[in-house]
Amino acid sequence: MSASDTIAALATAPGMGAVAIVRISGPLCLQIAESVGRLTPETLKPRSARLAGVRSRDGDEVDRALYTFYPQPASFTGEDCLEISCHGGYAAVQAVLAAVMSAGARPAEPGEFTRRAFVNGKMDLAQAEAVNQLIRARTQTQRAAAKHTLDGALSHRVRGCSEVITRIAATLEASIDFPEDVDEPDRAVLAAELSAAIESLERTVELASRGRMLSAGIRMAIVGRPNVGKSSLLNLLATRPRAIVSDIPGTTRDFLEETVEIGGLCVLAIDTAGIRDTADIVEQEGVKRALETLEQADIGLIVLDASEGLRQVDIEVLDKAGDRAVAVWNKTDIVRASPDDPRIPPSVPCVRMCALSGEGLPELEVAVISRLGAGSGFFDEALAATQRQVAALERAREHLRVAEEAVRSPYALDLAAIQIQTARGALAEITGENVVDSLIDTIFSTFCIGK
Ligand SMILES: Nc1nc2c(ncn2[C@@H]2O[C@H](COP(=O)(O)OP(=O)(O)O)[C@@H](O)[C@H]2O)c(=O)[nH]1
Ligand SMILES: [Mg+2]
């Protein structure tokens, strides 16, 4: 693999579609346009689409397509880029790709376009990783967080902090290296500056952690006695008949998962077997799994039957869910009277709903979001971040805390200087100024081909 190769790949999703885009990057773009499209550099005006045939190695016209040329450096990768918008589907795309390869390009590795953009300084590592997150975003909040990071919000915060601590480190080092010429700096001033940097970094960690929460998704168990309407609720959330609903108790014996969107959050909703004492061995296993699912969940929807009121099992399950519980009084279409019960702890949010009609669903969503501590505006400034980035931010923060303590103590300033340097290194890992090639390989290998 050489950076001077010309690479090509399908940039649009494979499969049926009206249009597919074959993306090419590298020094051979003009040559490929000429041999495949019979387009000379004079006829191929930069950044404007040009209709032409696509010719195979044998000279057959395999498709007609729009060619757009982006001369370097003002392109996505920073190199010459050529996009060929051809007919979608399978055969046309294969023929166009084959023509491009025979004209000198080689297939791109996963993430290689974005990697080149990073290497050529078109974006830093945090932004490059956000390209992947934006593509993978399934909810609007995930998209917004990825866009913030792609626009440079995370990089900006990280660089800002890095600049401040670099200045502090320079002051410290001057007094360490030239103790005769430079007075010892005012420790109180330095400590205050460090403390402000730590505070700003803490905010960054917080916003990045919210971004992690968005992308990692939330596990939500739906539990309760048989026949209370758990499967109906899953179907309502999934907006399609996912689980079998019946009035025969014990219908759901295994658990079913479905990714749903709640208040812009990506939530894995898990329908479980009804909790009851049973002689049926398969059902017993189902009950065991239901309780395990609840244990591992971030949130537990405890479904209660409003027409039957609270039973001992309900109380036990509510207790198990603890501070992750949201009580859902279902079937309120049958019983309108308030089914509040003093045995439900006042801290547990209670929602009344009808899983068949969807009445009460907005209230349920609000309850889930507030139970997660993710009230309105919580994700507005969230920054898409990877686990690696959050870990690096936390490491930087810890080193700065030690540095601040050292500056406030009467001991030598060397320790603080070393800690600040280490923190700077951790921050540089996020923006990619300080990363080894193997890590870059790993990061971009998680991308799709054509990105
Ligand atoms: N009237 C009424 N019936 C419901 C409601 N939710 C579920 N049911 C009915 O209750 C029965 C059991 O539902 P199901 O979703 O299979 O319950 P599960 O055993 O907890 O999964 C079915 O006949 C549903 O149609 C509701 O809100 N109102
Ligand atoms: Mg069920």
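Engineer: For this particular structure, what's the right way to read the overall build of the protein?
Structural biologist: Across its full length, the protein holds 14 helices and 12 strands. Taken over C-alpha atoms, the radius of gyration comes to 29 Å for the protein, far larger than the 22 Å a tight globule of 451 residues would show. With the C-alpha coordinates of the protein rotated into their principal frame, the extents come out at 80 × 80 × 35 Å. In the protein, 66% of the contacts between residues at least 6 apart in sequence involve partners at least 24 apart.

Engineer: Would you take a moment to explain the site of ligand 1 for this structure?
Structural biologist: Not every one of the 20 residues close to ligand 1 is listed here, only the nearest: Gly229, Lys230, Ser231, Ser232 and Asp247. With 3 residues, the single largest contributor to the shell around ligand 1 is helix H8 (residues 230-238). Across the shell around ligand 1, the residue classes tally to 7 nonpolar, 9 polar and 4 charged.

Engineer: Sorry, what's going on with the domain arrangement of the protein here?
Structural biologist: A common way to state how big an interface is: give the accessible area lost once the parts meet. According to the domain assignment, the protein contains domain 1 (7-123), domain 2 (129-136 + 155-197 + 384-445) and domain 3 (216-371). Averaged C-alpha coordinates put domain 1 and domain 3 at centres separated by 51 Å.

Engineer: What is the right way to look at the sheet that holds strand E1 (residues 7-10) in this model?
Structural biologist: Across a sheet, paired strands are connected by hydrogen bonds in the backbone, their directions being either parallel or antiparallel. The 6 strands are arranged E3-E4-E5-E2-E1-E6 in an open sheet whose pairing can be described as mixed. Strands with a single pairing partner mark the edges of an open sheet, and in this sheet they are strand E3 (50-55) and strand E6 (106-107). Here strand E2 (residues 15-25) runs beside strand E5 (residues 81-89); their pairing, made up of 8 bridges, is antiparallel. Each residue of the ladder has a partner; that of Ile21, found in E5, is Ser85. Here helix H1 (residues 29-37) sits on the sheet and contacts E2, E3, strand E4 (61-70) and E5; the angle it forms with E3, its principal contact strand, is near 75 degrees.

Engineer: Whenever I open this one, helix H11 (residues 361-371) confuses me. Can you help?
Structural biologist: An α-helical turn contains 3.6 residues, so any two residues separated by three or four positions project in the same direction. Among the residues of H11, those classed as buried are Leu364, Ala367, Val368 and Ile369. Where H11 is buried, its residues meet strand E7 (218-224), strand E8 (256-262), strand E10 (299-305), strand E11 (325-330) and strand E12 (350-352).

Engineer: Looking at this structure, I do not really get the nonpolar core. What am I missing?
Structural biologist: Side chains of nonpolar character tend, in soluble globular proteins, to be buried together. Core analysis: the largest hydrophobic core is formed by 127 residues, its most contacted members being Val22, Val96, Val100, Ile302 and Val328. Sort the elements by how many residues they give to this core and helix H7 (residues 187-216) lands first, with 9 residues. Contacts of Val22, omitting those with residues within four sequence positions, involve Ala8, Leu10, Ala11, Ile84, Cys86, Val96, Leu97 and Val100.

Engineer: Please clarify how unusual backbone geometry should be interpreted in this entry.
Structural biologist: When glycine is set aside, most residues are seen to have a negative phi, and most peptide bonds are trans. A cis amide bond links Gln72 with the next residue in sequence, Pro73, at an omega value of 5 degrees. Structurally, the position occupied by Pro73 is in the loop between E4 and E5. For Arg38, which is not glycine, the phi dihedral falls at a positive 55 degrees.

Engineer: Help me understand the packing of helix H6 (residues 153-177) against helix H13 (residues 414-431), please; the structure alone is not making it clear to me.
Structural biologist: The relative placement of two packed helices is expressed as an angle between their axes plus a distance between the axes. One way to put it is that H6 packs onto H13 with a least axis distance of 9 Å and a crossing angle of 155 degrees. Put simply, H6 runs roughly antiparallel to H13. As H6 runs across H13, the sense of the crossing is left-handed. Where H6 abuts H13, its residues Ser155, Val158, Arg159, Cys161, Ser162, Ile165, Thr166, Ile168, Ala169, Leu172, Glu173 and Ile176 lie against Asp414, Ala416, Ala417, Ile420, Gln421, Ala423, Arg424, Leu427, Ile430 and Thr431. Broken down by class, the residue content of the contact of H6 with H13 amounts to 13 nonpolar, 5 polar and 4 charged.

Engineer: In this structure, what is going on with the sheet that holds E7? I would like to understand it.
Structural biologist: Spatial strand order, E8-E9-E7-E10-E11-E12: 6 strands in an open sheet with mixed pairing. Strands with a single pairing partner mark the edges of an open sheet, and in this sheet they are E8 and E12. For this sheet, the mean inter-axis angle between neighbouring strands, taken without regard to orientation, is 25 degrees. Bridge analysis of E8 against strand E9 (residues 265-271) gives 7 bridges, and the strand direction is antiparallel. Opposite Glu258, over in E9, you have Ala269 as the bridge partner.

Engineer: I tried to follow H7 on my own but got confused; where do I start?
Structural biologist: With 30 residues, H7 should cover 44 Å at 1.5 Å per step; its first-to-last C-alpha distance of 42 Å lies within 8% of that length. Gly217 sits one or two residues past H7 and shows a positive phi near 85 degrees.

Engineer: Got a minute to help me understand the environment of Ala417 in this structure?
Structural biologist: Relative to the assigned elements, Ala417 resides in helix H13. Expressed as a C-alpha distance, the spacing of Ala417 and Thr171, which sit 246 residues apart in the sequence, is 9.3 Å. Beyond its immediate chain neighbours, meaning those up to four positions away, Ala417 contacts Ala169, Leu172, Glu173 and Ile176.

Engineer: Looking at this structure, how should I read the packing of H6 against H7?
Structural biologist: Where H6 contacts H7, the two axes come as close as 10 Å, and the packing angle between them is 160 degrees. By the angle between their axes, H6 is roughly antiparallel relative to H7. Pair H6 / H7 crosses with left-handed handedness. Contacts between H6 and H7 pair Leu154, Arg157, Val158, Cys161, Val164, Ile165, Ile168 and Thr171 from the former with Leu190, Glu193, Leu194, Ala197, Ser200, Leu201, Thr204 and Ala208 from the latter. Residue classes in the contact of H6 with H7 are distributed as 11 nonpolar, 3 polar and 2 charged.

Engineer: Teacher, can you tell me more about the environment of Ala11 here?
Structural biologist: With respect to the element layout, Ala11 can be found in the loop between E1 and E2. Owing to 20 C-beta atoms within 10 Å, Ala11 belongs among the buried residues under this scheme. Between the C-alpha atoms of Ala11 and Gly211, which are 200 residues apart in sequence, the distance is 26 Å. Non-local contacts of Ala11, meaning those with residues more than four positions away in its chain, are made with Ile21, Val22, Arg23 and Gly450.

Engineer: Explain the confidence of the model for the protein here, please?
Structural biologist: Regions with low pLDDT should not have their predicted coordinates read in detail. For the protein, per-residue confidence averages 91 on the pLDDT scale, and residues scoring 70 or more make up 98% of the total. Ranking the helices and strands of the protein by mean pLDDT puts E4 first, with 98, and helix H9 (residues 281-296) last, with 87.

Engineer: Hey, could you run me through the pairing of E9 in this one?
Structural biologist: When a strand is regular, its side chains alternate between the sheet's two faces. Judged by how many residues are buried, E9 sits mostly within the fold: 5 of 7 residues are covered. Of the pairings in the sheet, the one linking E7 to E9 comprises 5 bridges and is parallel in character. Looking across to E9, one finds that Arg219 is bridged to Leu268.

Rules behind the numbers
- Residues numbered from 1 in each chain as written.
- Chains lettered and ligands numbered in written order.
- Predicted model: local features only at pLDDT ≥ 70, side-chain atom pairs only at ≥ 80, totals over all residues.
- Helix = DSSP H or I, 4+ residues; strand = E, 2+ residues; numbered from the N terminus.
- Rg over C-alpha atoms; globule rule 2.2 N^0.38 Å.
- Contact = placed C-beta atoms within 7 Å.
- Near = placed C-beta within 6 Å.
- Nonpolar A, V, L, I, M, F, W, Y, C, P; charged D, E, K, R; others polar.
- Domains from an automatic or database assignment.
- Pairing = 2+ DSSP bridges.
- Axes fitted to C-alpha atoms, helices over the stretch in contact; angles between N-to-C directions.
- Buried ≥ 20, exposed ≤ 12 C-beta atoms within 10 Å, placed from the backbone.
- Core = buried A, V, L, I, M, F, W, Y, C linked by C-beta atoms within 7 Å.
- Parallel < 35°, antiparallel > 145°, perpendicular 65-115°, else oblique.
- Left-handed = near helix turned anticlockwise from the far one by under 90°.
- Expected span 1.5 Å × (residues − 1).
- pLDDT = per-residue confidence, 0-100.

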